[in-house]
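Survey of secondary and tertiary structure
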Amino acid sequence: MVVESAVGEVAFLLGRLLFGGVLAFMGINHFGNVDEMAGYAEHKGLPAPRLSVVGSGAMLVLGGVGIALGVVPVLAAGALAVFLLVSAVTMHDFWAVPDDQAQDEMTGFLKNVSLAGGALTLLAVGGANWPYSVGVALF
């Protein structure tokens, strides 16, 4: 068991819903702005920028829903952590942009790194029984 009190169970559920919901929303945003995001991805040098946007959107939606519902939490949290760390470095390279763009890129970088920290925390408890979850797991 991840938590040992009713209040803790509800707090853990709310945290999962907020964390997973925000990530899933970010993924849905990818699908609504494919052209704009693909242009940005191309500018950052990603290969197959349109496919990268759609693929990352799918990962965010599936990972976010997986966390929120407690479906394959180890896979969902692990995939999100890797994606967030890779995208922090490749898409938000504040150290390599002009000064007028550095603050925005640093904010994006720090957002992704902090979200990756949350994903790693959930990965650490992914093998435990999560309260109020669908309970489908691979590990």
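Now for the nonpolar core. Counting residues in each nonpolar core, the largest one holds 18 residues, and the members touching the most others are F19, L23, I67, L80, L84 and L122. Every element with two or more residues in this core is listed here: helix 1 (6–32), helix 3 (49–69), helix 4 (73–91) and helix 5 (99–124). By residue number, the principal contributor to this core is helix 4, which donates six residues. Not counting the four nearest positions on each side in its chain, L84 is found in contact with L23, N112, L115 and A116.

This part is about the pattern of salt bridges. Counting across every chain of the model gives three salt bridges. Each member of the salt-bridge network shares a partner with another, and the members are K44, D93 and E105.

Two packed helices can be described by the angle between their axes and the distance between those axes. Two elements in contact, helix 4 and helix 5, have axes whose closest approach is 8 Å; the angle formed by their N-to-C orientations is 160 degrees. Here helix 4 lies roughly antiparallel to helix 5, going by the angle between them. Here the hand of the crossing between helix 4 and helix 5 comes out left-handed. Where helix 4 approaches helix 5, its residues V74, A77, G78, L80, A81, L84, L85, S87, A88, V89 and M91 are matched on the opposing element by E105, F109, N112, V113, L115, A116, A119, L120, L122 and L123. Across the contact of helix 4 with helix 5, the residue classes tally to 17 nonpolar, three polar and one charged.

Glancing now at unusual backbone geometry. Positive phi outside glycine occurs at A48, with the angle close to 45 degrees. Examined against the element boundaries, A48 turns out to sit in the loop between helix 2 (34–43) and helix 3. Judged by relative accessible area, which is 44%, A48 ranks as partly exposed. If you check the backbone angles, Y132 has positive phi at about 55 degrees while not being a glycine. Mapped onto the fold, Y132 is located in the segment after helix 5.

Bringing the layout of surface pockets into the picture now. Estimates place the volume of the largest pocket at around 540 Å³. As for the largest pocket, its lining consists of 23 residues, of which H30, S56, F83, S87 and M91 are closest to the centre. Put simply, the parts of the chain that give the lining of the largest pocket at least two residues each are helix 1, helix 2, helix 3, helix 4 and helix 5. With eight residues, helix 4 is the largest single contributor of residues to the lining of the largest pocket. A breakdown of the residues in the lining of the largest pocket according to their chemical character gives 14 nonpolar, eight polar and one charged.

With that settled, the discussion passes to the environment of G57. One can find G57 in helix 3. Sequence spacing of G57 and V34 is 23 residues, and the spatial spacing of their C-alpha atoms is 9.3 Å. Beyond its immediate chain neighbours, meaning those up to four positions away, G57 contacts G27, H30 and F31.

What counts, and where the lines are drawn
Residues numbered from 1 in each chain as written. Predicted model: local features only at pLDDT ≥ 70, side-chain atom pairs only at ≥ 80, totals over all residues. Heavy atoms only, no water. Core = buried A, V, L, I, M, F, W, Y, C linked by side-chain atoms within 4.5 Å. Buried < 20%, exposed > 50% of the residue type's maximum accessible area, 1.4 Å probe, protein only. Helix = DSSP H or I, 4+ residues; strand = E, 2+ residues; numbered from the N terminus. Contact = heavy atoms within 4.5 Å. Salt bridge = Lys/Arg side-chain N within 4 Å of Asp/Glu carboxyl O. Axes fitted to C-alpha atoms, helices over the stretch in contact; angles between N-to-C directions. Parallel < 35°, antiparallel > 145°, perpendicular 65-115°, else oblique. Left-handed = near helix turned anticlockwise from the far one by under 90°. Nonpolar A, V, L, I, M, F, W, Y, C, P; charged D, E, K, R; others polar. 1 Å grid on protein atoms, 1.4 Å probe; cavity = no way out; pocket = protein on both sides within 12 Å on 5 of 7 lines; lining within 4 Å. Points joined across faces, edges and corners; volume = space filled by probe spheres on them.

Interpretation note: all reported values are geometric properties and have no functional meaning in isolation.
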